Amino acid sequence: MKTKNYSTSFTAGESPEEGFASVTNVLLDVKRVEVNGAQMTKVQTIAVILALLFSVTAAAQSQQTAKGANKIEPLPRDLEIQLALSALPPHLRDNATVYVLNPEKGFEVARKGTNGFHALVARTGDDTFRGSWPFTKYRDDILYPISFDDAGAKAQLQVFFDAAEMQAKGTPPEELKKIVQERYRTHYYKAPERAGVSYMLSPILRTYVNPDANDNVATANVPHVMHYAPNVSNEDVGGANPTPEQLHYFSEHGRWQASPDPFVILHGPHGYFIQFVGVTERAAINKEYEEMLGRLCKIEEVWCLSQ
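Residues numbered from 1 in each chain as written. Predicted model: local features only at pLDDT ≥ 70, side-chain atom pairs only at ≥ 80, totals over all residues. Heavy atoms only, no water.

A closer look at the overall build of the protein
The test is simple: In this text, helices come from DSSP runs of H or I with a minimum length of four residues, and strands from runs of E with a minimum of two, each type numbered from the N-terminal end. Throughout, exposure labels follow a simple rule: accessible area from a 1.4 Å probe, protein chains only, divided by the maximum for the residue type, with under 20% read as buried, over 50% as exposed, and the rest as partly exposed.
Helix and strand content of the protein: 11 helices and 10 strands. In the protein, which comprises 307 residues, the proportion classed as buried is 43%.

Structure (structure tokens):
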């Protein structure tokens, strides 16, 4: 008896509809088989059909499960835009470019600006890729409103874009951290080409407290400004790390009792010299965004600021 070799494949990028189309073509071919001296029994036919259908269904479910595990529920669009722009000082907000997160693709432009500043709310920040601690699960509680000038947008911002895009495509968290760290190591991500600034003046920030050491997360009320400081140490610029007393107060209240002196964070080519606003300025920002903070608190309890 002459037989034909029947096979079909269902790749990770193939849709369930395309997969079922492949199965249909195979079944049509089966009907055309010329049998010499033997017949395919009904049992054999059913077995082939069930095996093919199971293969397609399992592959489709596996693909959807992997992508679904990476998905983050987006903020209401108007709230996300408001939160992103809160990272900027008032005189830069109206003409800045704003991005919103599309969980299926990554960041998309919500409004094209003209002043060279860019703002977004990261749900997986660049500090995720610091340290050697295992990144085993995408968090859904990170809020990271940040903005960059044009120099920062061409350098630092690319990490945020790439992380969101790879997460949307279903990249496992462990793999994502490995990829980004390798890109840092090989200088795929360049340091800003000139002096510049990243504003993080939003009244709320939920992210890693000391990402070089561990994955502890906190919600903080710490509006601040960051100047690019590639390969600069505290000794180079006279920076002073917060005292143990200051850190203890911060860990309990999510804010500084009195703003600490400027210091360097995220040491290396993508380091920053960070300066926090004063207590009076912080209170004014909180007042301005009282309604926005209330909306966030209703969505997630961990987004409620300590009193």
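Picking up where we left off.
What about the state of the cysteines?
Here is the rule: A pair of cysteine sulfur atoms is labelled a disulfide when the two atoms are within 2.5 Å.
One pass over the structure, following the stated rule, counts 1 disulfide. Shown here is the disulfide that connects Cys 297 with Cys 304, its sulfur atoms set 1.8 Å apart. Because the torsion about its S-S bond is 90 degrees, the bridge between Cys 297 and Cys 304 counts as right-handed. Judged by its relative accessible area of 30%, Cys 297 is partly exposed.

Brief notes about the nonpolar core
For clarity, the cut-off: Only buried Ala, Val, Leu, Ile, Met, Phe, Trp, Tyr and Cys residues count toward a nonpolar core, and they belong to the same one when joined by side-chain atoms within 4.5 Å.
Of all hydrophobic cores here, the largest spans 28 residues; its most connected members are Leu 120, Tyr 144, Ile 146 and Leu 157. Of all the secondary-structure elements, those providing two or more residues to this core are strand 1 (97–102), strand 3 (118–122), strand 4 (144–148), helix 5 (150–154), helix 6 (157–168), strand 8 (224–228) and strand 10 (272–276). Sorting elements by how many residues they give to this core places helix 6 first, with 4 residues. Counting 25 residues, the second largest nonpolar core, distinct from the first, contains Leu 75, Leu 83, Leu 88 and Phe 117.

Observations regarding the sheet that holds strand 8
Put simply, the rule reads: Pairs of strands are assigned from DSSP output, requiring at least two bridges between the strands. Angles run from 0 to 180 degrees between N-to-C directions of axes, and those axes are lines fitted to C-alpha atoms, restricted for helices to the stretch in contact.
Pairing is antiparallel in the open sheet, where 4 strands are placed in the order 5-8-10-9. Edge strands, defined here as strands with exactly one partner in the open sheet, are strand 5 (197–200) and strand 9 (263–265). The average angle at which neighbouring strand axes cross in this sheet is 30 degrees, direction not considered. Alignment of strand 9 against strand 10, held across 3 bridges, turns out to be antiparallel. Bridge pairing links Val 264 to Phe 273 in strand 10.

Observations regarding the sheet that holds strand 3
Taken together, the 4 strands give an open sheet; going across it, the order is 2-1-3-4, and neighbouring strands pair in mixed fashion. If you trace the sheet from one side to the other, it starts and ends with strand 2 (106–111) and strand 4, each paired once. Strand-to-strand twist in this sheet, taken as the mean axis angle between neighbours without regard to direction, amounts to 30 degrees. Summarising the sheet, strand 1 and strand 3 pair through 2 bridges and their orientation is parallel. Looking at the pairing, Val 98 lines up with Ala 119 of strand 3.

Section: the side chain of Asp 162
Let me state the cut-off plainly: We call two residues in contact when some of their heavy atoms are within 4.5 Å.
With respect to the helices and strands, the residue Asp 162 is situated in helix 6. If sequence neighbours within four positions are ignored, Asp 162 has contacts with Arg 183, Tyr 188 and Tyr 189.

What about helix 7 (residues 173–185)?
Residues three or four positions apart in an α-helix share a direction because the helix packs 3.6 residues into each turn. Note the threshold: A helix is expected to span 1.5 Å multiplied by its residue count minus one. Comment: arc refers to directions from the helix axis out to C-beta atoms.
The first and last C-alpha atoms of helix 7 sit 18 Å apart over 13 residues, in line with the 18 Å expected at 1.5 Å per residue. Three or more residues of helix 7 are buried, namely Pro 173, Leu 176, Lys 177 and Val 180. Along the axis of helix 7, the buried positions cluster into a sector of 95 degrees, meaning they face one direction only. Exposed side chains of helix 7 directed beyond 90 degrees from the buried face belong to Lys 178 and Arg 185. Directly beyond the C-terminal end of helix 7, a positive phi value near 65 degrees is found at His 187.

Observations regarding the pairing of strand 3
Judged by how many residues are buried, strand 3 sits mostly within the fold: 5 of 5 residues are covered. Residue alternation in strand 3 divides its side chains into two sets, His 118, Leu 120 and Ala 122 and Ala 119 and Val 121, and both sets are buried.

Nothing here speaks to function; it is geometry throughout.
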